[in-house]
Amino acid sequence: MNDYLQQIKHSSNYHYTVLCGKNEKLYEELKRWNIPHIEPKAFISSREEMNELYARADALVTKPGGITISEALKLGLPIFIHSSLPGQERINLKRIIDKGLAVLLHEDQGFEEQLSIVLEDKWKRRSLIKRMEDMVNKREKIAYEIIVDIAVKTSFLHVRHI
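Summary of the structure given here. All values derive from a computational prediction rather than experimental measurement.

Scoring rules and cut-offs
Per chain, residue numbering runs from 1 following the sequence as it is written. The predicted nature of this model means local features are confined to residues of pLDDT at least 70 and side-chain atom pairs, given and counted, to a pLDDT of 80 or more, with totals for whole chains, interfaces and linings taken over all residues. Computation of side-chain values: all heavy atoms of the structure, hydrogens and water removed. A 1.4 Å probe rolled over the protein chains alone gives each residue an accessible area, and that area as a share of the maximum for its type sets the label: buried under 20%, exposed over 50%, partly exposed in between. Only DSSP runs of H or I reaching four residues or more are called helices, and only runs of E reaching two or more are called strands; each is numbered from the N terminus. The arc in question is the one spanned by the directions pointing from the helix axis to the C-beta atoms. Patch criteria: residues need more than 30% relative accessible area and no salt bridge. Like-charged residues are merged within 9 Å; nonpolar side chains of Val, Leu, Ile, Met, Phe, Trp and Tyr are merged within 5 Å. Every accessible area reported is derived by Shrake-Rupley at a probe size of 1.4 Å, with residue values counting cover from the shown protein chains alone. Salt bridge, as used here, is a side-chain nitrogen of Lys or Arg placed within 4 Å of a carboxyl oxygen of Asp or Glu. A positive count includes Lys and Arg, and a negative count includes Asp and Glu. His and the chain ends are not counted in either. Working definition for charges: the position is that of NZ of Lys, CZ of Arg, CG of Asp or CD of Glu. DSSP bridges decide pairing: two strands pair if at least two such bridges lie between them. Look down the strands so they point away from you; if the path from the first strand over the helix to the second goes clockwise, the crossover is right-handed. Aromatic contacts are taken between Phe, Tyr and Trp rings whose centres are within 6.5 Å, Trp giving its six-membered ring; a plane angle under 30 degrees counts as stacked, one over 60 as edge-to-face, and the others as tilted. By definition here, charges over rings are those cases where NZ of Lys or CZ of Arg is within 6 Å of the ring centre and within 35 degrees of the ring normal. Contacts are assigned to residue pairs that have any heavy atoms within 4.5 Å of one another.

Brief notes about helix α6 (residues 111-119)
For α6, the set of buried residues is Phe-111, Glu-112, Gln-114, Leu-115, Val-118 and Leu-119. When α6 is viewed along its axis, its buried side chains cluster within an angular range of 160° and face the same direction.

Comments concerning a positive patch on the surface
A grouping of Arg-95, Lys-99, Lys-138 and Arg-139 is seen on the molecular surface, where their side chains present a positively charged patch. Tracing the backbone through its elements, the reader meets Arg-95 in helix α5 (residues 88-98). Given the relative accessible area of 53%, Arg-95 is considered exposed.

Some details on the pairing of strand β2 (residues 38-42)
Where strand β1 (residues 16-21) meets β2, five bridges bridge the pair, whose relative direction is parallel. In the sheet register, Val-18 faces β2, and the bridge partner there is Pro-40. A crossover links β1 with its parallel partner β2, the connecting element being helix α2 (residues 24-33), and its sense is right-handed.

Overview of the packing of aromatic side chains
Scanning all chains against the criterion turns up three aromatic pairs. Geometrically, the ring pair formed by Tyr-16 and Phe-111 is tilted, given 5.9 Å between the ring centres and 35° between the ring planes. Of this pair, Tyr-16 sits in strand β1 while Phe-111 is found in helix α6, placing the two residues 95 residues apart along the sequence. The pair formed by Tyr-16 and Phe-111 is uniform in burial state, with each residue classed as buried. Cluster of aromatic residues (ring-pair linked, three or more members): Tyr-4, Tyr-14, Tyr-16 and Phe-111. Its end group placed over the ring of Phe-43, Lys-22 keeps NZ or CZ at 5.1 Å from the ring centre.

Examining unusual backbone geometry
We note that Asn-34 has phi near 50°; this positive angle belongs to a residue other than glycine. Take Asn-34: it is sitting in the loop between α2 and β2. Using a relative accessible area of 66% as the deciding quantity, one classes Asn-34 as exposed.

Quick word on α5
The set of residues buried in α5 consists of Glu-89, Asn-92, Leu-93 and Ile-96. Take α5 and look down its axis: the buried residues cluster within an arc of 105°, on one side only. The exposed residues of α5 that point more than 90 degrees off its buried face are Lys-94, Arg-95 and Asp-98. In the core, the buried residues of α5 are packed alongside α4 (66-75), β4 (79-81) and β5 (103-104).

A word on the sheet that holds β4
A sheet is described by the order of its strands in space; here three strands give the open sequence β3-β4-β5, paired in parallel fashion. Strands with a single pairing partner mark the edges of an open sheet, and in this sheet they are β3 (60-62) and β5. Looking at chain direction, β3 and β4 are connected through three bridges and run parallel. Within β4, the position partnered with Val-61 by the bridge is Phe-80.

Printed below as a string of structure tokens:
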């Protein structure tokens, strides 16, 4: 992520809110930069504040962690993946890239150029969001059908003769 931040340090077409989490070194470094288009945030424990950040976002640049990806899919926020750790993140990465639900960033290409290819092209952006919506709707439909099936099956188990 540092390489990408260095690329946008001196000029940018976008405003970035960088969630530093508990990485105090990164947070302090970004604060020292004092750059208007890069806003560092320390660890956020407030669900309301996170919801506000999601509501203001046009896209997410992240690792493929399950909770963040789920939130972005549900909200229809284009997802750009900058890296992944071995294990579950790599599994998540393969699945979401294979399904066309996110864009994998490449270090040998300009960071903002890769963002703008999707964000500034209405057709590409809309196609990505549509795939995300279809995925969420399919999952919700499957979950609904499972719940109805369980409810129907268990309702027969609870029938009592009075």
